[in-house]
Amino acid sequence: MSKLYLQAAQAATDILKSNLSKFTDKFQMSNSVGNFYQPSENVEWTTGFCTGEYWLAYELTQDEAFKKAALVQTESFLHRIENKVDVNHHDMGFLYTPSCVAAYKLTQSETGKKAALLAADNLVSRFQAVGGFLQAWGELGAEENYRLIIDCLLNLPLLYWASEVTKDSKYADIAKLHTKTSLANLIREDNSTYHTYFFDKKTGKPTHGVTHQGYRDGSAWARGQAWGVYGTALAYRYTKEEQCKDLFIKVTDFFINHLPQDNVPYWDLDFTDGSNEPKDSSAAAIAVCGILEMLPMLPELQQEKYEQAAQKMLESLVKNYAVKDIAQSNGLLLHGVYAKNSPYNPIPKDRGVDECNTWGDYFYLEALTRSIKQWNPYW
Ligand code: GLY
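Residues numbered from 1 in each chain as written. Predicted model: local features only at pLDDT ≥ 70, side-chain atom pairs only at ≥ 80, totals over all residues. Heavy atoms only, no water.

Enquirer: Would you explain the environment of lysine 202 in this entry?
Expert: Structurally, lysine 202 can be placed in the loop between β6 (196-199) and β7 (206-210). Judged by relative accessible area, lysine 202 falls into the exposed class, the value being 75%. Separated by 71 residues in sequence, lysine 202 and glycine 131 have C-alpha atoms that sit 8.9 Å apart. (Helix = DSSP H or I, 4+ residues; strand = E, 2+ residues; numbered from the N terminus. Buried < 20%, exposed > 50% of the residue type's maximum accessible area, 1.4 Å probe, protein only.)

Enquirer: How do you make sense of the site of the ligand when you look at a structure like this?
Expert: What surrounds the ligand is the set Trp45, Asp151, Gln213, Trp221, Arg223, Trp227 and Tyr338. One of the side-chain nitrogen or oxygen atoms of aspartate 151 is found 2.7 Å away from a nitrogen atom of the ligand. One of the side-chain N or O atoms of tryptophan 227 is found 3.0 Å from an oxygen atom in the ligand. (Near = heavy atom within 4 Å. Polar contact = N/O pair within 3.5 Å; in protein donor to acceptor, adjacent residues only side chain to side chain.)

Enquirer: When you look at the nonpolar core in this model, what are you seeing that I'm missing?
Expert: Nonpolar side chains tend to gather and get buried jointly when the protein is soluble and globular. Membership of the largest hydrophobic core comes to 129 residues, with the highest contact counts inside it found for Tyr96, Leu159, Phe363, Tyr364 and Trp379. For this core, the element with the most residues is helix α10 (residues 281-294), which contributes ten residues. Phenylalanine 363 has contacts with Phe49, Trp227, Tyr230, Ala285, Ile286, Cys289 and Trp379, leaving out every residue within four places of it along the chain. (Core = buried A, V, L, I, M, F, W, Y, C linked by side-chain atoms within 4.5 Å. Contact = heavy atoms within 4.5 Å.)

Enquirer: What exactly am I supposed to notice about helix α3 (residues 64-82) here?
Expert: Turn by turn, an α-helix covers 3.6 residues, leaving residues three or four places apart pointing in a common direction. Across its 19 residues, α3 extends 27 Å between first and last C-alpha, which sits within 8% of the 27 Å expected from 1.5 Å per residue. Summarising the contacts, the buried residues of α3 are in contact with α1 (2-19), β1 (27-28), α2 (47-61), α4 (92-107) and α5 (110-124). If you check the start of α3, you find a side-chain oxygen 2.9 Å away from the backbone N of alanine 65, and it comes from aspartate 63. (Expected span 1.5 Å × (residues − 1).)

Enquirer: Sorry, what's going on with α4 here?
Expert: Along its length, α4 reaches its greatest deviation from straightness, about 35 degrees, at proline 98. α4 sits mainly inside the fold: twelve of its 16 residues count as buried. Met92, Gly93, Phe94, Leu95, Tyr96, Thr97, Pro98, Ser99, Cys100, Val101, Ala102 and Ala103 are the residues of α4 that are buried. Lining the buried residues of α4 we find α2, α3, α5, α6 (156-166), α8 (222-239) and α12 (358-372). The positive-phi residue at the C-terminal boundary of α4 is glutamine 108, with phi of around 55 degrees. (Bend = angle between axes of the 7 residues up to and from the residue.)

Enquirer: Can you help me understand the environment of glycine 209 in this one?
Expert: Relative to the elements of secondary structure, glycine 209 occurs in strand β7. Taking relative accessible area as the criterion, glycine 209 reaches 13% and is therefore assigned buried. Spatially, the C-alpha atom of glycine 209 lies 9.7 Å from that of leucine 148, the residues being 61 residues apart in sequence. Setting aside anything within four residues of it in sequence, one finds glycine 209 in contact with Tyr194, Thr196, Tyr197 and Asp217.

Enquirer: Help me understand the sheet that holds strand β5 (residues 147-149) in this model?
Expert: Pairing between the strands of a sheet is mediated by backbone hydrogen bonds and can be parallel or antiparallel. Spatial strand order, β5-β6-β7: three strands in an open sheet with antiparallel pairing. In this open sheet, the two strands that pair with only one neighbour each are β5 and β7. The sheet shows a mean angle of 20 degrees between the axes of neighbouring strands, direction not considered. For β6 and β7, the ladder comprises four bridges, and the chain directions are antiparallel. Looking across to β7, one finds that phenylalanine 198 is bridged to histidine 208. (Pairing = 2+ DSSP bridges. Axes fitted to C-alpha atoms, helices over the stretch in contact; angles between N-to-C directions.)

Enquirer: Can you help me understand the packing of aromatic side chains in this one?
Expert: Where two aromatic rings form a pair, the distance of their centres and the angle of their planes describe that pair. On inspection of all chains with the given rule, the structure shows 32 aromatic pairs. Taking 4.7 Å as the distance between ring centres and 70 degrees as the angle between the ring planes, the aromatic pair formed by tyrosine 215 and phenylalanine 271 counts as edge-to-face. A residue pair is termed long-range when its members are at least 10 positions apart, and tyrosine 215 in the loop between β7 and α8 and phenylalanine 271 in the loop between α9 (242-257) and α10 qualify at 56 residues. Residues tyrosine 215 and tyrosine 344 carry aromatic rings whose centres are separated by 5.3 Å and whose planes lie at 80 degrees to one another, so their mutual orientation is edge-to-face. Taken together, the residues span a long stretch of sequence, with tyrosine 215 in the loop between β7 and α8 and tyrosine 344 in the loop between β8 (336-339) and β9 (351-355) at a distance of 129 residues. For tyrosine 215, a relative accessible area of 16% gives the class buried. (Phe/Tyr/Trp six-rings, centres within 6.5 Å; stacked < 30°, edge-to-face > 60°.)

Enquirer: When you look at the side chain of glutamate 366 in this model, what are you seeing that I'm missing?
Expert: Note on placement: glutamate 366 falls in helix α12. Contact partners of glutamate 366, with chain neighbours within four places excluded, come to Leu56, Tyr230, Cys289, Trp375 and Trp379.

Enquirer: Please explain unusual backbone geometry as it appears in this structure.
Expert: A negative phi angle characterises most non-glycine residues, just as the trans form characterises most peptide bonds. A positive phi angle, close to 75 degrees, is found at asparagine 191, a residue other than glycine. One can find asparagine 191 in the loop between α7 (170-186) and β6. Even without a glycine there, the phi angle at asparagine 263 is positive, about 65 degrees. With respect to the helices and strands, asparagine 263 occurs in the loop between α9 and α10.

Enquirer: When you look at the side chain of asparagine 155 in this model, what are you seeing that I'm missing?
Expert: Residue placement: asparagine 155 occurs in the loop between β5 and α6. For asparagine 155, the contacting residues outside a window of four places in its chain are His90, Asp91, Met92, Gly93, Phe94 and Leu123.

Enquirer: Honestly, the pairing of β6 in this entry has me stumped. Any pointers?
Expert: Residues in a regular strand point their side chains to alternate faces of the sheet. Side chains Thr196 and Phe198 of β6 all project onto a buried face; the interleaved residues Tyr197 and Phe199 project onto the opposite face, where all are buried too. Bridge count between β5 and β6: three bridges; the pairing is antiparallel. For arginine 147, the partnering residue across the bridge sits in β6 and is phenylalanine 198. Here β6 folds back onto β7 in antiparallel fashion, the turn holding six residues, of which glycine 204 has a positive phi close to 80 degrees.

Any functional reading would require information beyond the geometric quantities listed.
Here's what the structure looks like:
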């Protein structure tokens, strides 16, 4: 198995090496078009994954070229937060953890530290005391935006890190409150998850769950469920609350139990083989990372089941979804979905359907790294 993963990591880092000339001063767009990424400025919620892939590649190969490129991009992230370029949302963790926190952890970069702390300040400015959560999007306090989303669980490690380096507990305190509110509302009786949850602006009472990128409000958007898998694992690491472990098991079981034959989910867990719907390979990559994060913290008796599930998903990603040749794609993982329109959810326009996306590439490489070596998480 480890030979398969070593070869896969080699293929991935070869592609990343050949990407450096095009994607150092510029970033990759969130998703590929025709399986090829075009260059982008440092905007949207996804550019941190490009830098994060370079840090992982640096850790895997010790090739200084990756470190150099990642540090150039770290400067760009400082510029972005100082000039408030497209940072009016909660995705500070996705942007600043795999880029700038990683830069600080791996090279003691003061630029990375400064940028990531500014990003943490920006994130806590979105805390809504009435309801006890970090507002995901839009104008702060606006009724139509008074909600949290499951993805945000991955933004919280930035806050725990900020508390650790500043010795100011306010970041971690807010992260813990947000976790509590999220886990109390996002997970349904059957252990599937809502994508987003609204609160009453005046009383803070939870009102209703709504999807943003899933097939329908009551379904489990595959990537949302995967954010739940990784999010509950991280919540357990940081809070050590038994409830987080229980919820990890529940959310992960739901995910695993809804995998099709090849162990990589369709974009919404409503769909099964024969549905003709596209797969979202990124959801499998995220779930693998979440399971590998949680594995050492699970009782020994439970480890085998989850380790096997993670191995099956990762093996399938390597064999059936990974890019084998740069002529095929300049990404790492094929067959993801960014957003798909549905008859029950007219909000998203089809975007990045059956394409690579930067978070799929990043979490695929993180999963390989976790499987190959002892890895000190950026999250
Ligand atoms: N966090 C946004 C997404 O998963 O598409």
